[in-house]
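Single-letter residue listing:
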Amino acid sequence: MAITDWPEDERPREKLLGRGPAALSDAELLALFLRVGVRGKSAVDLARDLLERFGTLTRLCAAPAGDFAAVPGMGLAKYAQLQAVMELARRALSEEMAARDVFDSPSAVRDWLRLRIGSLPHEVFCVLLLDARNRLIEAVELFRGTLTQTSVYPREVVKLALARNAAAVILAHNHPSGASEPSGADELLTRNLKQALDLVDVRVLDHFIVTAHARPLSFAERGLL
């Protein structure tokens, strides 16, 4: 049955306008993005197929272009549109963090980190540079690859903080394995970075471990800073 044949208050667009976006399922939200289905399938049917194929919204949004475009009814144009939507979300959250103290909106920091690095297949180390009022100056991906004590250089973090005139930083790195617990190496790295930044009066407010499917783990909340 075509969506136009559904009861009006059950159609995704009308439901969103009448009840708000939170009232829609993942498949219904995705159907609004897709706009149209394919022969024999409505946009909602196609959205359900996509979610079943990739498993979760997170994996769908992070899928390589080739995998996404290989789905019947998809293509590089849709892939580009989806990536544009994701980047808009990241930029909106960045604006929110730049406009006020990041601790006034801790969920924005966590959401931004998950969107930015949560689904990457390789490890990255990010530094969020903050001004004296804890507002975001810039977020920088400083290192990538296998992150160890020898591959993340404290002097480079210090140089970056001084170059941007940062008063404080939030550190973050991802675990592509999906395990959010900090390792002994993670804890040692955090201590060394904090000591190096203390020497130039730059505060380390937190260090997050980010994965695709769990709430980013906060070192500060764990008492590890």
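As shown above, the structure is provided for reference.
Every chain begins its residue count from 1, and numbering advances along the sequence as written. In keeping with the model being predicted, local features are shown solely for residues with a pLDDT of at least 70 and side-chain atom pairs are shown and tallied solely at 80 or more, while totals for entire chains, interfaces and linings include all residues. Calculated side-chain values reflect all of the structure's heavy atoms, with hydrogen atoms and water omitted.

Caption draft 1: Looking closely at the pattern of salt bridges. Take a side-chain nitrogen of Lys or Arg and a carboxyl oxygen of Asp or Glu: if they are within 4 Å of each other, that pair is a salt bridge. Scanning the model with the defined rule gives 15 salt bridges in all. As a salt-bridge pair, glutamate 156 and lysine 159 come within 3.7 Å of each other at their nearest N and O atoms. Here glutamate 156 pairs with lysine 159, and both are found in helix α8 (residues 154–163), just 3 residues apart, close to one helical turn. A single salt-bridge network, built from bridges that share partners, covers Glu87, Arg90 and Arg91. Secondary structure elements follow DSSP: runs of H or I of four or more residues count as helices, runs of E of two or more count as strands, with numbering from the N terminus.

Caption draft 2: Expanded view of the environment of phenylalanine 143. Topologically, phenylalanine 143 is positioned in strand β2 (residues 136–144). The buried label applies to any residue whose accessible area, calculated with a 1.4 Å probe on protein chains only, is under 20% of its type's maximum; exposed applies above 50%, and partly exposed to all values in between. By relative accessible area, phenylalanine 143 is classed as buried at 12%. In sequence terms phenylalanine 143 and valine 157 are 14 residues apart; their C-alpha atoms lie 9.9 Å from each other.

Caption draft 3: Region of the structure containing unusual backbone geometry. Positive phi, normally seen in glycine, also occurs at arginine 35, with a value near 75°. According to the relative accessible area criterion, arginine 35 is exposed, its value standing at 69%. Even without being a glycine, asparagine 134 presents a positive backbone phi close to 60°. Of note, asparagine 134 is situated in the loop between β1 (124–130) and β2. For asparagine 134, a relative accessible area of 11% translates into the label buried.

Caption draft 4: Structural context of the state of the cysteines. In what follows, a disulfide is any cysteine sulfur pair within 2.5 Å. Per the stated rule, a full pass over the model turns up 0 disulfides. This cysteine, cysteine 126, is not joined by any disulfide, and cysteine 61 carries the nearest cysteine sulfur, 19 Å off.

Caption draft 5: Representation of the nonpolar core. We define a nonpolar core as any set of buried Ala, Val, Leu, Ile, Met, Phe, Trp, Tyr and Cys residues linked to one another through side-chain atoms lying within 4.5 Å. Leu30, Leu34, Leu50, Leu60 and Met74 are the most contacted members of the largest nonpolar core, which totals 22 residues. For this core, the secondary-structure elements that each account for two or more residues are α2 (26–34), α3 (43–54), α4 (57–61) and α6 (76–99). A total of 7 residues in this core trace back to one element, the largest contributor, which is α3. Note on contacts: a residue pair is in contact if any heavy atoms of the two residues lie within 4.5 Å. Once residues lying within four places of it in the same chain are set aside, the contact partners of leucine 34 are Ala43, Leu46, Ala47, Leu50, Met74 and Lys78.

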